[in-house]
Each structure stands twice: as structure tokens, then as C-alpha cells.
Amino acid sequence: MSPHVSYFDTDAEIRSVKNICCIGAGYVGGPTCAVLAWKCPDIKVTITDIAEDRIRAWNSDELPIFEPGLDDIVKEARGRNLFFTTDVDGSIEAADLIFVSVNTPTKVAGIGAGLAADLCYIEAATRRIATVSKRGAIIVEKSTVPCRTAESMNQILSALSPSNATFEILSNPEFLAEGTAVEDLLDPARVLIGSMPTTRGRLAQQRLAEVYSRWVRPEAIVTMGLWSSELSKLAANALLAQRVSSINAIAAICERTEANVHEVSSACRLDLRIGSKFLEAGIGFGGSCFQKDLQNLVYLSLSLGLPEVAEYWKQVLVMNAWTKQRFARNIVQKMFSTITAKHIAILGFAFKADTGDTREAPAIDVCRDLLEDGALLHIYDPKVSSSAINRALGPAKGSNVSFQSEQRAYTVEASMQQACVGASALVFLTKWAEFESHAVDWKAIYASMSKPAWIFDGRNIVKDPTALKKLGFIVYQSGVGY
Ligand SMILES: NC(=O)c1ccc[n+]([C@@H]2O[C@H](COP(=O)([O-])OP(=O)(O)OC[C@H]3O[C@@H](n4cnc5c(N)ncnc54)[C@H](O)[C@@H]3O)[C@@H](O)[C@H]2O)c1
Ligand SMILES: O=c1ccn([C@@H]2O[C@H](COP(=O)(O)OP(=O)(O)O[C@H]3O[C@H](CO)[C@@H](O)[C@H](O)[C@H]3O)[C@@H](O)[C@H]2O)c(=O)[nH]1
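Residues numbered from 1 in each chain as written. Chains lettered and ligands numbered in written order. Predicted model: local features only at pLDDT ≥ 70, side-chain atom pairs only at ≥ 80, totals over all residues. Heavy atoms only, no water.

(A) Molecular detail of the overall build of the chain. When helices and strands are tallied, the chain shows 18 helices and 14 strands. In summary, the chain has a C-alpha radius of gyration of 24 Å against a globular reference of 23 Å for 482 residues, a match within 12%. Taking the principal axes of the C-alpha coordinates as reference, the chain spans close to 75 × 45 × 45 Å. In the chain, buried positions account for 54% of the 482 residues. Sequence separation of at least 24 residues holds for 75% of the intrachain contacts in the chain that already meet a minimum separation of 6. When the accessible area of the chain is evaluated, it comes to approximately 21,100 Å², of which 54% is carbon and sulfur surface. (Helix = DSSP H or I, 4+ residues; strand = E, 2+ residues; numbered from the N terminus. Rg over C-alpha atoms; globule rule 2.2 N^0.38 Å. Buried < 20%, exposed > 50% of the residue type's maximum accessible area, 1.4 Å probe, protein only. Contact = heavy atoms within 4.5 Å. Areas by Shrake-Rupley, 256 points an atom, 1.4 Å probe, with all protein chains shown as cover.)

(B) Layout of the sheet that holds strand 11 (residues 410-412). With respect to topology, six strands assemble into an open sheet ordered 11-10-9-12-13-14, the strand pairing being parallel. Each of the sheet's edge strands pairs with one partner strand only, and the pair in question is strand 11 and strand 14 (474-477). Across the sheet, the mean angle from the axis of one strand to that of its neighbour is 15 degrees, orientation sign disregarded. The strands that helix 13 (residues 362-372) touches are strand 9 (343-347), strand 10 (376-380) and strand 11; relative to strand 10, the one it contacts most, it runs at about 155 degrees. Sitting on the sheet, helix 14 (residues 386-393) touches strand 10 and strand 11, and the angle it makes with strand 11 is about 155 degrees. (Pairing = 2+ DSSP bridges. Axes fitted to C-alpha atoms, helices over the stretch in contact; angles between N-to-C directions.)

(C) Layout of the pattern of salt bridges. According to the stated counting rule, one finds 19 salt bridges in the structure shown. One salt bridge connects Arg-127 with Glu-123, and the closest N-O pair in it is separated by 2.8 Å. Of this pair, Arg-127 and Glu-123 are both found in helix 5 (residues 120-132), four residues apart, which corresponds to roughly one turn of the helix. By relative accessible area, Glu-123 is classed as partly exposed at 34%. When the shortest N-O distance is used, the salt bridge between Asp-357 and Arg-359 registers 3.0 Å. A residue is classified by how much of its surface remains accessible, and Asp-357, at 2% relative accessible area, is buried. When salt bridges that share partners are traced, they join Arg-15, Asp-96 and Arg-135 into one network. (Salt bridge = Lys/Arg side-chain N within 4 Å of Asp/Glu carboxyl O.)

(D) Geometry of a nonpolar patch on the surface. Taken together, the side chains of Leu-304, Leu-306 and Val-309 make up a nonpolar region of the molecular surface, amounting to roughly 250 Å² of accessible area. Note on Leu-304: relative accessible area 57%, which makes it exposed. (Patch = residues over 30% accessible without salt bridge, like charges linked within 9 Å, V, L, I, M, F, W, Y side chains within 5 Å.)

(E) Broad picture of the site of ligand 2. Around ligand 2 sit 20 residues, and of these Phe-175, Leu-176, Glu-178, Asn-237 and Cys-289 come closest. Measuring from an oxygen atom of ligand 2, one finds a backbone N or O atom of Glu-178 at 2.8 Å. Computed on the free molecule, ligand 2 has an accessible area of 690 Å², of which 89% lies beneath the protein chains in the complex. Residue assignment for the shell around ligand 2 shows that the elements contributing at least two residues are helix 9 (226-255) and helix 11 (290-303). The element best represented in the shell around ligand 2 is helix 9, accounting for four residues. A breakdown of the residues in the shell around ligand 2 according to their chemical character gives 11 nonpolar, two polar and seven charged. (Near = heavy atom within 4 Å. Polar contact = N/O pair within 3.5 Å; in protein donor to acceptor, adjacent residues only side chain to side chain. Nonpolar A, V, L, I, M, F, W, Y, C, P; charged D, E, K, R; others polar.)

(F) Just the site of ligand 1, in detail. Looking at ligand 1, there are 25 residues lining it, with Val-28, Asp-49, Arg-54, Thr-104 and Lys-292 nearest. Here an oxygen atom of ligand 1 sits 3.1 Å away from a polar atom, N or O, in the side chain of Arg-359. Considered on its own, ligand 1 offers 830 Å² of accessible surface; in the complex 92% of this is hidden by protein. For the shell around ligand 1, the residue count by class is 10 nonpolar, eight polar and seven charged. Each of two domains, domain 1 (19-216) and domain 2 (237-482), supplies a minimum of three residues to the shell around ligand 1. (Domains from an automatic or database assignment.)

(G) Summary view of the domain arrangement of the chain. Parsing the chain into structural domains produces domain 1 (19-216) and domain 2 (237-482). Listed as interface residues are 19 residues of domain 1 and, on the opposing side, 17 residues of domain 2. Carbon and sulfur atoms supply 56% of the area buried between domain 1 and domain 2, which totals about 1,400 Å² over both sides. It is Phe-66, Leu-115 and Glu-178 that lose the most area in domain 1 upon contact with domain 2, and together they represent 43% of the buried surface on that side. Taken together, the connections running from domain 1 to domain 2 amount to seven residue pairs in polar contact (both at pLDDT 80 or more). When grouped by side-chain class, the residues that make up the side of domain 1 that touches domain 2 number 12 nonpolar, six polar and one charged. (Buried area = accessible area lost by both parts, 1.4 Å probe.)

(H) Representation of the confidence of the model for the chain in the model. Looking at the chain as a whole, its pLDDT mean stands at 94, while 95% of the residues score no less than 70. Note on residues 1-9: pLDDT is under 50 here. Beyond four places in sequence and across chains, it has 35 contacts. Overall fold confidence (pTM) sits at 0.95, and the ipTM for the predicted complex is 0.98. (pLDDT = per-residue confidence, 0-100.)

(I) Here's a closer look at helix 5. Helix length check: helix 5, at 13 residues, gives a terminal C-alpha distance of 18 Å against a target of 18 Å (1.5 Å per residue), a fit within 8%. For helix 5, the set of buried residues is Ile-122, Ala-125, Thr-126, Ile-129, Ala-130 and Val-132. For helix 5, the secondary structure elements touched by its buried residues are strand 1 (19-23), helix 4 (88-94), strand 4 (97-100), strand 5 (138-141) and helix 6 (149-160). (Expected span 1.5 Å × (residues − 1).)

(J) Region of interest: the side chain of Thr-104. Examined against the element boundaries, Thr-104 turns out to sit in the loop between strand 4 and helix 5. For Thr-104, a relative accessible area of 5% translates into the label buried. Only 2.9 Å separates the side chain of Thr-104 from the backbone oxygen of Thr-144, close enough to count as a polar contact. There is a polar contact of 3.3 Å between the side chain of Thr-104 and the side chain of Lys-292. Every residue in contact with Thr-104, bar those within four places of it in the chain, is listed here: Ala-117, Asp-118, Leu-119, Ile-122, Ser-143, Thr-144, Val-145 and Lys-292.

In C-alpha cells:
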């Protein structure tokens, strides 16, 4: 290993941070560095990506992702000290500090397929840095990576970079949740900064801490070892996902015992040792992170020769898959065991509210199961485009995609009311505030539907089932026994 990469203590200088580059303009790189630029007007922040359409969108009035509050921040900082560009090399070359915020999806082929993280984007970014950065830089792992990924990055830098370039790798995992990204970034529960236990490692850690300390409470900036920081990200997501699967397992028991999971979870929440968050039962967790990071943890455990640990975390995924399936099966069963040619309104498609993201959305599995059983779906989501739904489900019947062989029986609708017209059932799959609003005219919706009219609530949206039953609806709620 070459001495210019600080696995060893050296007296080489770590520059103060005046110019930041972020590789990857996605759901994490975009908001994270936009907030950083907004809060630190004296630091030049360049977000770079190989995806031209994404960069074009970041430079336009239609940002590529929807996050409450993000538009205003980008508008204020863009062109002042925040820049979006496809010039990856130029951005790297000028940077004192480089966030690596590329995607780390689950491998789909080869060794570890279906479990291991695909690190090809991390490797490609690291190789670019090694080749292009003449002076060296602090490199910050922002992506979620398996424990000890920094070691491989270090080896790449050692092998490829010029000998007078000095690099230091830090781990700074991101904990923002989609839909509340700006809020989370402005007031994070914690900012982890992991470094090697060397003088230079600690100095680099301090440099990054200085940047965050411009707006983050000092007690929330936590420094630790590099490997602990990498593993903390996987551990946090595993623990959160585990809570969701645990309450969904309890929900299944509730449905068979006339118990109500919302009452049971509120009883549990009162215990401060259990805590109040992440105990909402429903149709299972989605999103680009929980499943991928659990798979990553399962693979890591197997690679470390810990099959019992791997099996333990795998069960969280098994319970989640079963929860989605069980919800779809319940719909078929309650609707007289056949949904062939029945119209069903799907309300919500995003994996959670306040985002247009559909990655691993439970709605995809539920819709696929219902379509498989012959239903005709009418899908409405306030933030998910019809092209995103087409990508997730395959093109709708009647759409003009001539080269696609398999077409699906669904339409994308412009409103909740429109989706419900003529439907036998409405199914809540995302907890959008507009579905819970007092402004919803349930009487009119009931009148517009086929009879009997069912409601299947997978997101605890219906607060007064008795009122809806009085109107004539047959109401089923996840985790509520009747
Ligand atoms: N989405 C979230 O809420 C979230 C939260 C915390 C952590 N994370 C983690 O952050 C990482 C990024 O997630 P994301 O959701 O932003 O992914 P994303 O797919 O939205 O964005 C990644 C971007 O990186 C770009 N990219 C890939 N290789 C590149 C290269 N060599 N040079 C330049 N650009 C390159 C891609 O084109 C893409 O636009 C992942 O590891 C993820 O697990 C995500
Ligand atoms: O009680 C709950 C809480 C969440 N969910 C579902 O769980 C999924 C994930 O929700 P959430 O964690 O709020 O959103 P993400 O954007 O996926 O954020 C998670 O994943 C990110 C990526 O790693 C982390 O940074 C965040 O800290 C972590 O919360 C969604 O489908 C939710 O509907 C439930 O079903 N019940």
C-alpha cells in the first residue's frame, strides 16, 4: 500500500474545505449537497453525475425528485455556490472534499446475486478520483456500503493515484428519509463521521465536522472508527425494518383474534423502552433502502461465517414479502374469492407519502398480484407519473408501446374520485394526506362505485370505519380483526 493513502500516519497536509464535489446527483447526493451549499455560501459545491437527463433536470425548474422544501433551497443556492454538471472529471479535480453518493443496488447476477451490494459504481467513482485528482482530497463515503468498503477504495487509490496526491477516506452515512429529506438534513438526529485512527484520519474527520457544525448541533456530530460508521448505517436500517416486520407479524395475529393492531401498538408505544416510532402496521415496508440494506447485512453475515445471524435478519425480509402477499390475498378472498374483471381503485403508488419514488414500493407487488388474478386497476397517486407506473408494472393495455409483448389491465387516473368511479373496491396503498382529508366526499365516492363497495385500508387511513360502514361500505383494515 502506498504511503500517500493514510492507512499510515503521515504528516501530509489535509487542506481546509473550500471546494466540495459530490459524485451522484440522486435522492441523496442532490438534497444533501444542496442543503450543504445553502448553509455554507462560502463553499463551492458541485454536484456531478454521468446521467445527463438528471443534471439537466437539476438545472431546470422541474427538479428530478420531489421533496418538500427542496425547490426553494436549490433556487436560492444554484448559480451562487451550488452547481450541477456532467463534468465529472473537472469537478473531482477542483475538489478538496469529495462525497461519493452513487447507487449501491443489490447484485442481480453473479456471486451473491440477490443479496450482495453491487459495488461497481463505487469502484468506478473511486477509479475516476484516483486518476483525475492531482492533489488528492478527503473522500467521503456517503453511499450505503458493506463494512470495510473503504479498504478496497484505499487499495484503488494506492494503485492508481500519483504519489504526491494525498487522500483520506471517511465514512459519513446518510440517514435522511425520503419525504422528509430537507427536514432531516437541516436538523439531523446524528451525523456520523468515521475515520481511520490516525492523526490524518482525525484531522480529516475534523475538517468534515467543521463543515457540518455550520448548522448541525455539536452534540449531534458523532465521530467514531471507520468500520463502526459503515456498519452503523446497515444496523440502523435493519433495526427500523425489523420493527415494521415485527408489528406486521402482530397485525396478522390481530386479524385472527378480533384484536386491533393500532390499539396494541399504541399500548406498546407507551413503554419508553420500546419507543413510539416505526410501529405502524400495514402492507410492509418499501423504498430503495430497507430491503437492499438487509440483503447486504445478510450477505455480510454469511461472508463472515455467521449463518445464524444471516438467518435472523433474513426473517425480517421473509415477513415483509409475506405481508404484501397476504394483503393481496385478503382482497381476493373477501371479494368472494374472485376479482376477475372487477374494477379496483388503487389509491397511492409511491412507497411512502411525500415522495414520488416507487423503488420497491409495496404497491408494485400488490398490483401485480391483483392483475395476475384478473382485476382491472385504476391507479391514482398525486406524485407518481404514469411513466413511472408503466416502468414498474409494464405498459397498460391500450398504450402505444408497440414493441412490448405483455400489456397490463390498468389505467392511471388524475384523481382519487376518478379512480373510484365504477370500482368495486378501493385500496389504500400510500398514506397521502389528501386521502385522510375531511374534504373527501365519501358519500359521493360510494354513490359512484359498483356495489357491494369495499374499502381495503393497508395504511391506517380510515379513522372512522363505523361512519363508512353506515354509508354502505364494507371496510377491511390491515391488522384489525372483525
Ligand atoms: N434514497 C435514500 O433515501 C437514501 C438514504 C440514505 C442513503 N442512501 C444510499 O445513498 C446511495 C445513493 O442512493 P440514491 O437513492 O441517491 O441513488 P440514485 O440512484 O438516486 O443516485 C445515484 C446517482 O449516482 C450516479 N452515478 C453512478 N455512478 C456514477 C459515476 N461513476 N459517476 C457519476 N455519477 C454516477 C447515477 O447516475 C445516479 O444518478 C445508495 O448507496 C443508497 O443506499 C439512500
Ligand atoms: O411504522 C412504519 C414506518 C415505516 N413503514 C414503511 O417503511 C418504509 C420505509 O419508510 P422510511 O424509513 O420512513 O423511509 P426511507 O426513505 O426508506 O428511509 C429509510 O431508509 C433510508 C435509506 O437508507 C434511511 O436513510 C432512513 O433513515 C430510513 O428511515 C416505507 O414503505 C414506509 O411506509 C411502515 O410500514 N411502518
